[in-house]
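# Overview (structure and organization)
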Amino acid sequence: MYSWRNFFIKLFLLNTFLYLPSAYSQNIAIPRIQGEISIDANLDDPQWLQAKKVTLNIVTRPYDNTPSPVDTQALLVENGQILYIAFIAKDPNPSEIRAFLKDRDRSWGDDLVGVKLDTYNDQRTAYRFLSNPLGVQIDGIESEVTKKESDSWDGIWQSAGKVTQDGYIVEMALPLRMLNFDESKSMQSWGIELMRFYPRSQLLRLSNLPIDRGNSCELCQLATATGFEGAKQGNNLTITPALVATAVDEFDDASIDNNNWQRETNVEPSLDIRWGITPDLLINATINPDFSTVETDSARLNINNNFALFFDEKRPFFLDNQDYFDSNYNLVYTRNINAPNYGAKLTGRHKDHSFGFFVTDDTDTNILIPGNRASTIATIDAESQAAAIRYRNNFNENITFGWLSTLRTSDDYENSVHSFGARFRLSTEDVFKFQTLFSKTQYPDDLFEQFCDSDNIDDCNDPDNNSDCDLNGCDYSEPLLRTLNSEPFTGNAFKAGYYHTDSTWHYFARHEQQNQGFRGDLGYIPRVDFKKSTVGGNRKWYAEQNRWWTQLKIHSDWDITHNDNGELIEEELDISAHLNASYDSYFRLSYSIRDKVGSRLDKSSLAIDGNTTLFKENNISLFSEIKPTLGLQLKTYFSYGDTIDFNNNRIGKRRQFVPTIKWNINKHIEVTLKHTFRRLDADNPKMDNDKVFIARLTDFRATYQFNILSFLRLSVIYNNTHRNPENYLYSDPEDIDRISKDFSTELLYAYKINPQTVFYLGYSEHQLSEVSFSDLTADTRSAFMKFSYAWIK
């Protein structure tokens with residue numbers, strides 16, 4: 001009888017002896033120089049005369065390794081401590097060069113040059129360093145294992161650029177101390193690719209080497225850079241003291257001394273340490289850290305949503321070597337950690353082994369309570385501790401496996417997760433990967449009280465009258481609440497998928513399941529009690545060079561989801577057409593048919609006790625973006641169709657329109673305006689007006705970039721929501737806000753010498769109204785200052 005055990009054994013043996021070499025090989029020997037080079041984009045240092053010259057003459061996207069229409073040359077040298085790279089980018093029309101002064105990591109869409117470095121040359125991860133023609137930096141990490149690319153990682157390096165009469169020049173200095181590599185080798189051998197992004201009528205990606213569209217692994221196709229004889233990372237010690245001062249005023253209309261504004265001031269010193277103990281071992285430590293994000297998150301509507309929203313991490317302590325904790329599940333979502341007193345993180349790598357560990361505390365303990373149709377947030381009024389440990393092994397060229405464990409604990413609360421996963425590269429086109437997980441959870445005995453009224457709480461806590469405990473009167477379903485008020489419980493999860501990618505076809509099949517008892521409280525796991533299977537694929541067509549379009553893709557997938565009891569939650573069929581065309585434009589037309597179980601947001605939405613109504617949804621949407629002229633980007637999203645009105649457990653019609661304008665008025669000024677309009681209507685036989693709500697969210701950002709180091713930014717967010725209380729079936733109209741207006745502003749000045757030596761000065765204000773815009777009243781205002789200095793040795 002065939003079993004999964006036999007399948008994995010055969011898969012392991014196949015990959016153990018299978019080697020998939022790259023189809024292209026290029027060796028770049030980097031010369032050693034004496035002394036240092038001044039990074040000023042002048043190319044007048046004599047050491048450049050010794051440089052290795054590499055030509056970037058191949059268009060890898062959107063065309064299939066065609067000759068480049070422009071000349072680009074890279075110069076490379078190293079002095080044992082720093083890798084120097086210069087780019088000479090020719091342009092027949094320098095007036096069309098897209099180069100704007102922007103904050104770090106925000107120059108995507110400009111002309112760019114850069115390098116990709118796989119410092120272990122194992123085709124798993126690579127650093128990415130790019131610069132626009134004015135020296136504005138972009139850096140990040142690219143993972144072949146998780147297929148994630150992130151600009152969150154920030155290194156400390158130098159760049160300078162200038163536009164010339166026939167193109168532009170960029171110089172870079174990349175200190176080896178910020179890179180992880182095997183210092184024990186007498187001579188380094190790294191994977192390398194040199195890149196140029198050339199946005200004109202088409203966005204061309206130029207390279208020094210061809211990229212095979214039929215090979216799903218781009219990092220497997222890098223050239224090889226040799227050199228750095230006897231290179232050391234040095235002391236690799238960074239000490240960053242910081243000071244944060246805040247003054248927050250809150251309006252209190254119940255104040256008895258006629259002073260309605262109550263002020264709280266706070267001054268907090270902190271200390272961050274980043275130390276490369278050995279070339280393979282890095283420790284990060286922080287004391288009384290400032291984990292504020294400083295800048296406003298992107299505005300997002302949260303109305304008629306079932307699941308908690310996800311926000312990206314922005315805090316430096318967590319971002320350093322963040323990729324060490326990545327897996328197919330998001331088990332380490334550090335935005336869960338709100339206000340710690342300390343933190344420590346240890347990451348390292350030796351040969352084919354890599355590992356990571358971090359521990360921190362949290363004065364605020366918020367946990368995500370998941371279900372199969374919704375999630376909610378619970379709060380524990382106590383400090384908590386959190387920890388994660390990760391191990392990964394690159395067994396050979398084609399097999400990667402590892403495990404990840406997390407722990408979150410408080411006085412009478414604990415959640416632990418243990419997982420194991422592996423990735424098998426079956427061929428240049430085929431990948432199979434899986435991950436299996438186990439969790440154990442103990443909630444505080446009184447956690448359920450946050451979801452019940454006082455009568456229910458008294459009955460359930462009275463040992464003499466416990467038989468009168470009626471959890472049906474609480475906000476969420478009885479099985480979930482019994483879990484919240486129970487002994488320790490366990491759960492498991494599993495995800496597996498097969499993926500095929502060649503130059504024309506991509507298709508996949510995957511299955512994932514998370515039973516009702518599974519919890520991953522340190523991660524972002526908003527959904528449990530489901531089993532989901534998905535199959536899908538797409539077909540691509542490519543245009544000949546110099547056509548008005550470059551690529552057409554037709555995609556379709558089907559998925560079906562049941563709960564643990566085998567009851568249908570959702571079945572969906574999607575089909576979409578994607579077109580890339582001139583002016584860096586992109587269009588996507590999508591249609592979906594979905595059968596989906598509904599639920600009320602205020603009751604029985606986290607777990608199913610027998611299905612509620614099964615609704616049919618039909619939706620169509622259109623997304624488009626275009627850059628019609630230098631510095632201007634236009635985006636729009638429109639959708640129309642059926643959607644479940646979760647507050648009232650019925651089908652409704654939703655219309656959504658989201659236009660976005662991003663305009664670089666000149667080299668210094670950028671303006672972004674995004675507006676979201678969303679309307680929900682649902683039939684009510686007792687009313688002529690079918691409106692449930694109309695929500696409008698406006699997000700305006702204006703930035704003046706003085707130079708590559710400093711900027712002044714104004715952020716304005718306005719949320720204007722109108723509800724129809726009479727069309728809420730299960731709520732008292734008196735409890736529904738007919739009008740709610742929310743207006744937030746922030747003015748921020750920033751000066752950044754590097755990602756850790758920074759100065760921020762800002763002011764923000766929040767206003768509310770339940771009548772009209774003219775009646776907005778401030779309820780919170782704050783001023784803040786942050787200064788940090790990175791001392792590097």
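As a starting point, this report considers the structure included with it. Because the structure is predicted, anything quoted here is derived from the model rather than measured.

The secondary structure content of the protein chain amounts to four helices and 42 strands. Here the protein chain holds 793 residues, and the buried ones make up 52% of them. Excluding contacts between residues fewer than 6 apart, the proportion of contacts in the protein chain whose partners are at least 24 apart in sequence is 62%.

The next thing to look at is unusual backbone geometry. Here the bond from Arg61 into Pro62 is cis, since omega is 5°, no more than 30 degrees from zero. If you check the backbone angles, Asp105 has positive phi at about 70° while not being a glycine. For Asp105, a relative accessible area of 17% translates into the label buried. A positive phi angle is found at Asn649, which is not glycine, with a value near 50°. Its location among the elements puts Asn649 in the loop between β34 (632-645) and β35 (650-664).

Moving on, we get to the environment of Pro31. Note on placement: Pro31 falls in the loop between β1 (27-29) and β2 (52-55). On the basis of relative accessible area, Pro31 is assigned to the partly exposed category, the value being 22%. Between the alpha carbons of Pro31 and Leu76 there is a distance of 7.5 Å; along the sequence they are 45 residues apart.

A separate point is the pattern of salt bridges. Taken as a whole, this structure holds 34 salt bridges when the rule is applied. The closest approach of N and O atoms between Arg128 and Glu149, which form a salt bridge, is 2.7 Å. Placement of Arg128 in strand β8 (residues 125-131) and of Glu149 in strand β10 (residues 148-150) is noted, with a sequence separation of 21 residues between them. Here Lys232 makes a salt bridge to Glu183, at a shortest N to O gap of 4.0 Å. Pair noted here: Lys232 is in the loop between β15 (223-227) and β16 (237-251) and Glu183 is in the loop between β12 (167-175) and β13 (188-199), with a separation of 49 residues, a long-range link. Looking at Lys232, the relative accessible area reads 47%, which means it is partly exposed. Since its relative accessible area comes to 16%, Glu183 is described here as buried. If you follow the salt bridges from partner to partner, you end up with Lys116, Glu142, Glu193 and Arg205 in one network.

As for its position among the elements, Thr703 is in strand β37 (residues 691-705). Within the structure, the side chain of Thr703 is placed 2.9 Å from the side chain of Arg713, a separation counted as a polar contact. Once you skip the residues sitting within four places of it in the chain, Thr703 turns out to touch His668, Ile669, Glu670, Phe711, Leu712 and Arg713.

Once that is clear, we can look at empty space enclosed by the protein. In this structure the tally under the stated criterion is five cavities of 30 Å³ or more. Lining the largest cavity are 19 residues; nearest its centre among them are Thr125, Asn180, Asp323, Tyr324 and Arg349. Mapped by element, the contributors of at least two residues to the lining of the largest cavity are β7 (112-118), β8, β20 (353-362) and β23 (384-394). Looking at the lining of the largest cavity element by element, the count peaks at three residues for β8. When the residues that make up the lining of the largest cavity are grouped by side-chain class, the tally is eight nonpolar, five polar and six charged. Within this model, the second largest cavity holds a volume of roughly 170 Å³. Looking at the second largest cavity, it is lined by 20 residues, and the ones nearest its centre are Val145, Asn328, Arg390, Gly421 and Ala422.

Criteria and thresholds
Residues numbered from 1 in each chain as written. Predicted model: local features only at pLDDT ≥ 70, side-chain atom pairs only at ≥ 80, totals over all residues. Heavy atoms only, no water. Helix = DSSP H or I, 4+ residues; strand = E, 2+ residues; numbered from the N terminus. Buried < 20%, exposed > 50% of the residue type's maximum accessible area, 1.4 Å probe, protein only. Contact = heavy atoms within 4.5 Å. Salt bridge = Lys/Arg side-chain N within 4 Å of Asp/Glu carboxyl O. Polar contact = N/O pair within 3.5 Å; in protein donor to acceptor, adjacent residues only side chain to side chain. 1 Å grid on protein atoms, 1.4 Å probe; cavity = no way out; pocket = protein on both sides within 12 Å on 5 of 7 lines; lining within 4 Å. Points joined across faces, edges and corners; volume = space filled by probe spheres on them. Nonpolar A, V, L, I, M, F, W, Y, C, P; charged D, E, K, R; others polar.

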